[in-house]
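Each chain, written out:
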Amino acid sequence: MMIGAVLAIVLTLAGAILAVGARNIVHAVFGLGICLCGVALAFLVLGSPFVAAMEVLIYIGGITVAMVFAVMLSTVGREEPREGMAKRVLAAIGALVFFGAGVAIILGMPEQITAPVTPEEAWSVEQIGRDLLNRFNLVFEALSLVLLLAIIGAITIASRSDESHDPTAGEGDS
Amino acid sequence: MTLHAWMVFALTLFCIGLYGVIARRNLIAILIGIELMLNAASINVLAINYFVSPEPAVGQIIVLFIIGLAAAEAAIALSIILGVYRQRASIDVTLLEELRG
Amino acid sequence: MNHELLALACVTAPLLGFAVALIGFRRRHSSAAAIVIASGLVSLVASVLLLITARPEAQAFTARWFMIEDFSIEFGVLLDGRTLIMGSVVALITLCIQVYSLYYMASDPGKGRFFAFLALFEWSMLLFVYSANLLQMFIFWELVGLASFLLIGFWYEKPSAVAAAKKAFLMTRVGDVGLFIGLILLFQTSGTLDVLGIANIFEPHGLPESIAPQRIELIAMLLFVGVIGKSAQFPLHTWLPDAMEGPTPVSALLHSATMVAAGVFLVTRFHGLFLDAPTTMTTILWIATFTALLSSTMAMVAKDMKRVLAFSSISQLGFMLMGLGAGSLFAGYFHLTTHAFFKALLFLCAGAYIHSSGTNDLIAIGRAGAARRMKITTIGLVVGGAALAGIPMFAGFFSKEHILSALHGPGQMIFKIGAFGAAFMTAYYTFRMVFLIMRPNPNSQATPDEPAYPHDDAHGPAEPLAMILPIIVLSLGALVIGFFGDKIGAILHVEHIHHPTIGEMAPAVVVALLGVVLAWIDFGRANAKQRGFVSLVPAAEKLFEKRWYIDEIYNTAIVRPVIMIAKLCYGTETRGLDKGIDSLAYSTAKVGREVARGHVGRLQLYIGVAVVVVASLVFYVGMR
Amino acid sequence: MGNLELFLPEAMVLLGALVAFVASVVGLSGRTTWIISLVMAVLATVVTFVYLGAQGEPFFPGIYRVDAFSQILKVGVVVGLLLTLMMVGNTSSIRERSRPDIPILLFVASFGMMMLVSATEMLTLYVALELSAYGLYILAALHRLQRAGSEAAAKYILYGAASSGVTLYGISLIFGATGTTYLGAIAQTPSSPLLIAGILLALSGILFKLAVFPFHAWAPDTYQGAPHEAVTFIATASKVAAVGVLARLMFLAVPEHDTLVTTLLVLCVASMVIGNLSAIAQDDLKRLLAYSTVAHAGYILIGLVAFTSLGAASAIYYVLVYVPIVFCAFLVVCALGADGSNPTKASLAGLYQRSPLLAITLLVGMFGLAGIPPTAGFTGKWFIFTAALDSGMFWLVLVGAINATVSLYYYLRVIKEAYLTPPGELGAIRLTPMMAIAAWLAMAMVLVTGFYPRPVWELAESAARALVGG
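Nothing here was measured: the structure is a model prediction, and the numbers come from that model.

Colleague: Would you take a moment to explain the environment of Leu13(A) for this structure?
Modeller: With respect to the element layout, Leu13(A) can be found in helix 1 (residues 2-21). Separated by 29 residues in sequence, Leu13(A) and Ala42(A) place their C-alpha atoms 12 Å apart. Setting aside its immediate chain neighbours within four residues, Leu13(A) contacts Phe9(B), Thr12(B), Leu13(B) and Ile16(B).

Colleague: Please explain the side chain of Arg354(D) as it appears in this structure.
Modeller: All names here are of chain D. Here Arg354 shows up in helix 15 (residues 351-354). Overall, Arg354 belongs to the buried group, its relative accessible area being 10%. Polar contacts involving the side chain of Arg354 include one to the main-chain carbonyl oxygen of Ala349, which spans 2.8 Å. If we ignore the near neighbours within four places in the chain, the residues touching Arg354 are Leu336, Ser347, Leu348, Ala349, Pro423, Leu426, Gly427, Ala428 and Ile429.

Colleague: How should the interface of chain A and chain B be read in this particular structure?
Modeller: Of the residues lining the interface, 87 residues belong to chain A; the matching set on chain B comes to 70 residues. For the pair chain A and chain B, the summed buried area comes to about 7100 Å², and 76% of that belongs to carbon and sulfur atoms. The interface formed by chain A and chain B includes zero salt bridges. Applying the counting rule to chain A against chain B returns six residue pairs in polar contact (both at pLDDT 80 or more). Elements supplying a minimum of two residues to the side of chain A that touches chain B: helix 1, helix 2 (25-45), helix 3 (49-73), helix 4 (85-107), helix 5 (125-133) and helix 6 (137-158) of chain A. Counting residues per element, the side of chain A that touches chain B draws most heavily on helix 3 of chain A, at 12 residues.

Colleague: Please explain the confidence of the model for chain B as it appears in this structure.
Modeller: Low pLDDT means the predicted coordinates in that region are not meant to be read closely. Chain-level pLDDT for chain B is 89 on average; 99% of the residues reach the 70-or-more range. Predicted as a complex, the structure gets a pTM of 0.78 and an ipTM equal to 0.87.

Colleague: Looking at this structure, I do not really get the nonpolar core. What am I missing?
Modeller: Nonpolar side chains in soluble globular proteins tend to be buried together. Judged by nonpolar contacts, the single largest core of 548 residues is most densely connected at Phe98(A), Trp6(B), Phe128(C), Phe270(C), Tyr159(D), Leu351(D) and Trp382(D). When near neighbours in sequence (up to four residues on either side) are disregarded, Leu351(D) contacts Val332(D), Leu336(D), Pro356(D), Leu358(D), Ala359(D), Leu362(D), Ala418(D) and Ile429(D).

Colleague: How should the packing of helix 6 (residues 146-178) of chain D against helix 8 (residues 193-210) of chain D be read in this particular structure?
Modeller: The axes of two packed helices give the description: the angle between them and the distance between them. Residues and elements named next belong to chain D. Between helix 6 and helix 8, the shortest axis-to-axis distance is 7 Å and the interhelical angle comes to 155°. Here helix 6 is positioned roughly antiparallel relative to helix 8, judged by the angle of their axes. Along this stretch, helix 6 crosses helix 8, giving a crossing that reads as left-handed. Looking at side-chain class alone, the contact of helix 6 with helix 8 contains 14 nonpolar, nine polar and no charged residues.

Colleague: Just to check I follow, could you spell out empty space enclosed by the protein for this structure?
Modeller: Taken as a whole and assessed by the stated rule, the structure comprises 18 cavities of 30 Å³ or more. Considering only enclosed or pocket space, the largest cavity measures out at about 140 Å³ in volume. Along the walls of the largest cavity sit 13 residues, with Phe138(C), Arg173(C), Phe180(C), Gly371(D) and Ala404(D) positioned nearest its centre. Among the elements of the structure, helix 6 (159-190) of chain C together with helix 17 (376-390) and helix 18 (394-420) of chain D are those that each provide at least two residues to the lining of the largest cavity. No other element matches the four residues that helix 6 of chain C contributes to the lining of the largest cavity. Here the lining of the largest cavity is composed, by residue class, of eight nonpolar, two polar and three charged. Its boundaries defined by the atoms lining it, the second largest cavity holds a volume of some 110 Å³. Lining the second largest cavity we find Phe98(A), Leu18(B), Met37(B), Ile607(C), Ala610(C), Val611(C), Val614(C), Tyr159(D), Ala162(D), Ser163(D), Val166(D) and Phe215(D). Counting residues per element, the ones that place at least two in the lining of the second largest cavity are helix 26 (603-623) of chain C together with helix 6 of chain D. Residue composition of the lining of the second largest cavity, grouped by class: 11 nonpolar, one polar and no charged.

Colleague: I tried to follow the packing of aromatic side chains on my own but got confused; where do I start?
Modeller: For any pair of aromatic rings, the description rests on two quantities: the centre-to-centre distance and the angle between the ring planes. For the structure shown, the criterion picks out 41 aromatic pairs over all chains. Look at Phe98(A) and Tyr169(D): their rings are 6.4 Å apart centre to centre, the planes differ by 65°, and that puts the pair in the edge-to-face class. Placement of Phe98(A) in helix 4 and of Tyr169(D) in helix 6 is noted, with the two residues assigned to different chains. Note on accessibility: Phe98(A) and Tyr169(D) belong to one class, buried. Members of the aromatic cluster, joined through ring pairs, are Tyr134(D), Tyr137(D), Tyr156(D), Tyr159(D), Phe208(D), Trp218(D), Tyr223(D) and Phe330(D). The ring of Phe319(C) carries the charged tip of Lys400(C) above its face, separated from the ring centre by 5.2 Å.

Colleague: Would you mind showing me how to read the interface of chain B and chain C here?
Modeller: Buried accessible area, meaning the area lost when the parts come together, often serves as the stated size of an interface. With 14 residues of chain B at the interface, the matching set in chain C holds 10 residues. Taken together, both faces of the contact between chain B and chain C bury some 900 Å²; the carbon and sulfur share is 58%. Where chain B meets chain C, there are zero salt bridges. Scanning the region where chain B abuts chain C turns up three residue pairs in polar contact (both at pLDDT 80 or more). For the side of chain B that touches chain C, the leading source of residues is helix 1 (residues 3-23) of chain B, giving five residues. Split into classes, the residues belonging to the side of chain B that touches chain C amount to eight nonpolar, two polar and four charged.

Parameters at a glance
- Residues numbered from 1 in each chain as written.
- Chains lettered and ligands numbered in written order.
- Predicted model: local features only at pLDDT ≥ 70, side-chain atom pairs only at ≥ 80, totals over all residues.
- Heavy atoms only, no water.
- Helix = DSSP H or I, 4+ residues; strand = E, 2+ residues; numbered from the N terminus.
- Contact = heavy atoms within 4.5 Å.
- Buried < 20%, exposed > 50% of the residue type's maximum accessible area, 1.4 Å probe, protein only.
- Polar contact = N/O pair within 3.5 Å; in protein donor to acceptor, adjacent residues only side chain to side chain.
- Buried area = accessible area lost by both parts, 1.4 Å probe.
- Salt bridge = Lys/Arg side-chain N within 4 Å of Asp/Glu carboxyl O.
- pLDDT = per-residue confidence, 0-100.
- Core = buried A, V, L, I, M, F, W, Y, C linked by side-chain atoms within 4.5 Å.
- Axes fitted to C-alpha atoms, helices over the stretch in contact; angles between N-to-C directions.
- Parallel < 35°, antiparallel > 145°, perpendicular 65-115°, else oblique.
- Left-handed = near helix turned anticlockwise from the far one by under 90°.
- Nonpolar A, V, L, I, M, F, W, Y, C, P; charged D, E, K, R; others polar.
- 1 Å grid on protein atoms, 1.4 Å probe; cavity = no way out; pocket = protein on both sides within 12 Å on 5 of 7 lines; lining within 4 Å.
- Points joined across faces, edges and corners; volume = space filled by probe spheres on them.
- Phe/Tyr/Trp six-rings, centres within 6.5 Å; stacked < 30°, edge-to-face > 60°.
- Lys NZ or Arg CZ within 6 Å of the ring centre and 35° of its normal.

So, in structure tokens, the structure goes:
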């Protein structure tokens, strides 16, 4: 267990650093993929193989792939110029202040036990399914609506409109 | 591994994501940062679920929903980013400064 | 007579007039005017009937408006002495002005709209006066401001009119913030919004035990801030002269029975409360006296007829507040009533002159021969002027006497002296105006600022009936209203009205006559220079006449400093003070531009700032 | 499983989305789709009004509560939806090909908002929050002038996604502190830094929706660049939902924690000041309205931080009347910007001569926003200030009143342009009948509630009682 946890943490953080650090956007997406593998591993360690599988299927198989497509449609292979110093400093300050505040709060928590106390069957996929269709049925329906909306929206927004060459469309140029 | 360690781990991931959101120029890179933030929250939820929750199914369901919502969000965001690319032939966020004041 | 029905008719008729005229007859001007005048007539008849048949005790007709938790807020009409008199005055003067406007605005393309707005103005003022509830009072107070904004800016194609309308609205709103907070505090303190209920708390002299005196001072001070804005007292007085940009009937309405009167009426309404706030009362006295003096000096040098009248309104409002501040409800209220008549009259006369001469300039009006052509108007002018100046037996004389004799308390000597000074100057500038019009002297040293453009009178009489009738009615009013002091006092339930003795009256009469005589010397007599005290060191021939020698002493010893102060004030008025208040607005706008510029359109800066703020807050939370 | 009938208002809106979807898929013209949607919206509004007094839990206990509070806010949402839909008839600023899809997006987003105000469980709440937001993101991206439109949408969605990430992280902390996802558990859990930090972070997503400082910065850019109709919807219905969920969360979670109250007070004052000051410098009407929204979020927070039943009622009342008020302003924006461009002060010139109805609508809207009697904006401010004074927050009232005075400056400048500047070259404006009806309807709502606030106020009071009581 311990090895799995350490591996998950290392994978995740390394991937994350690559994802935000790489100047080439393709590398960044690749970093995201590694990071998500680590997260999936962490889910496994935390006792939910089902969620880990979903993470791999939807996140790595869906979102990351979609991002790769988006990159290919736009700025593939292009090295972006380095960010301005001021911006990176602001970002670092923001992240660090947040980190400091978070650590202070987490360490202020009372000590917790280190192993699950609940019986195994509560973790089972059946229980998840029961809860989804019983307690969270409304949310479940709402989520399907969200996905429908996303499909409609993505198609509507991305569909090439004749008007994009509207003479006034470039109004902002100056 | 204690719950504290897991939560600090999640926080670290969250802050890396936050840095990416604020620092990167590329719109897709910003979106990647946001995905990292969402995953950090997921790890948090599952860790808490693992250590304290009386009903372990609930935490897993939350994470499942987060994944689903993230997928939808990414789809919409990517199509909007492509729209930006079509207009400006670039997805550099520093070009998005025409609306201001 | 059913009072409830009458009150209902009185306050709803103008609203109906407004709505019908605005919605149905915007383009059919004459029908709109007829509807509005009919509604004004209904209001007048109803309010006069109410006044005549009034019961001695106050009556309120209310209906539940809404509730806050268990607290009911009523909307309705309160009938007591104060509201009944004021309501009748408002209805009468509005009707006069509406009739007058029939001819005055006859050829204006927006006549229908004008009449609709007049009706709106009347409606707001009536419901303000008759308000049974603080909240209702504030709403209609604001509506009065809104209607005057619409009317002052009526000629929207004139940039100066637009600016004036905005200035009037903004400045009075500055005061309204104070008023609003004051009203909320008053509500909190007294636990009721009911005007009558509040009056019952404060009317018996002496403060209830449960209320801290400082709180009453605060409330009174905040209410007075609203009055300063509405009634154009120093330092928020500058909007009123500018408000002359509106059509003259509007000025007449604004300056007599509505808008500026609303401020003074508010003080009379809560006079019991003000009596419990001695510090505020002293402040009122100081501000009112200063304003009266200041604006009188300005009126002495102005050449624009409407401006002279505007400055005089400010100073007369100061007089009213002096009376109220001295503790005499009756004195202030009485002057408010009489002033409504003669000031409306003077403005209507001014409007007639301006209409026929095509100019606002006093000297030009006089030289155009307006006084000869328009005899009835000139009689009206003299009556109104005499009333304003405080000539015995005219309306203003009586009310001013009451104010002067009210100023007898310890430490009020200085205000009394100030009041005498202002009264003197009032008489002087009033008759300066009268003489400049009645006795034009082309050979005098006076020079008009703008020439007259007399109307081609072929198509109409110089004094059409629609214009003359209101002038006659108001002249009669200005002549007789002064004798109704006791009656008004009785309706107001003032226990003992102090009647000034001959000895007390004498100084005021002397001062007023002195002013008139001086005006005669400067402007009225044959061959007068018509330059007032401004005349420079005269040439040798002037020294030959002893008379001029006295003039000289006068000039150098007394009047020159006064004129200098007046000039100075006028200068400060247009440059310094105005700018001071304007710059407050400008600097706010500037800060605003800077803050807006901070929104640079940079997404990540926005997010970064938000994250830093939130993280700091989390830090703060975590460390506690 | 509770009584599903209570879900009928939401179900009607969902049905509307379905009908609009079918109409769009089978290829009906934009106009036909619009008329069908309008009928559905009217039906949904009627049903929502009928269920105003409903009470109960239609789903699993603890997930979703229908009570006086949620129902009155749902009325606000559907009224916002209906008004926006009435105006969508000539969706001039939206891309031609996307027009048939607009009703679907509006309906789905409204459904999310209605869920949002009823949700009493964090997962439901979060999903509803996202559901209502996604529709708005898509709407914002459909501007005909795609250059500004895409920038506005990109800023909106990235800012929104980032803040929803923060919210989610906060929810995970609350989950950690309480061990469940029921909102009711928050009040029963003893206070700890973890819980407070979680609440604070969770609030950020809602404060973002309401455009409270420091989460306000998207508003001006998005308002400026997004289609007029989309902004109208964001400014009306979405605010109602945001206030609803904010009130729910605050009254459950905040009162015991002084630090959170202080924090919210600071944000409230900062929103008013920054919103009003920035608005002064604006020339673009939509941008001006965006900053005015920020300021209004501050006014509403005054009512909420009072933490009394009266305060909650005043905030609810305010946001309900805010819908028709701000709609009046946006109706003018839509009519003036019929070519898709943004109206500026200059394009208002002589509006009084060009279209008296529009000019009156603008007057009512601006006076409502400025809080001048007799509009409902005044009664709303009056209730809020009364509530704040009732809780002894005199200084907050003073700041609010001063802010209201400052705001007068820019609202009046708009009025001035419309009434007092000659039209010059600008021609007359013709309104479609539906726009005219919408204008009259909104004005009637503003003025009637201004003169006679009683019915709406009583509803707001019962809503506040339901909120505070449970």
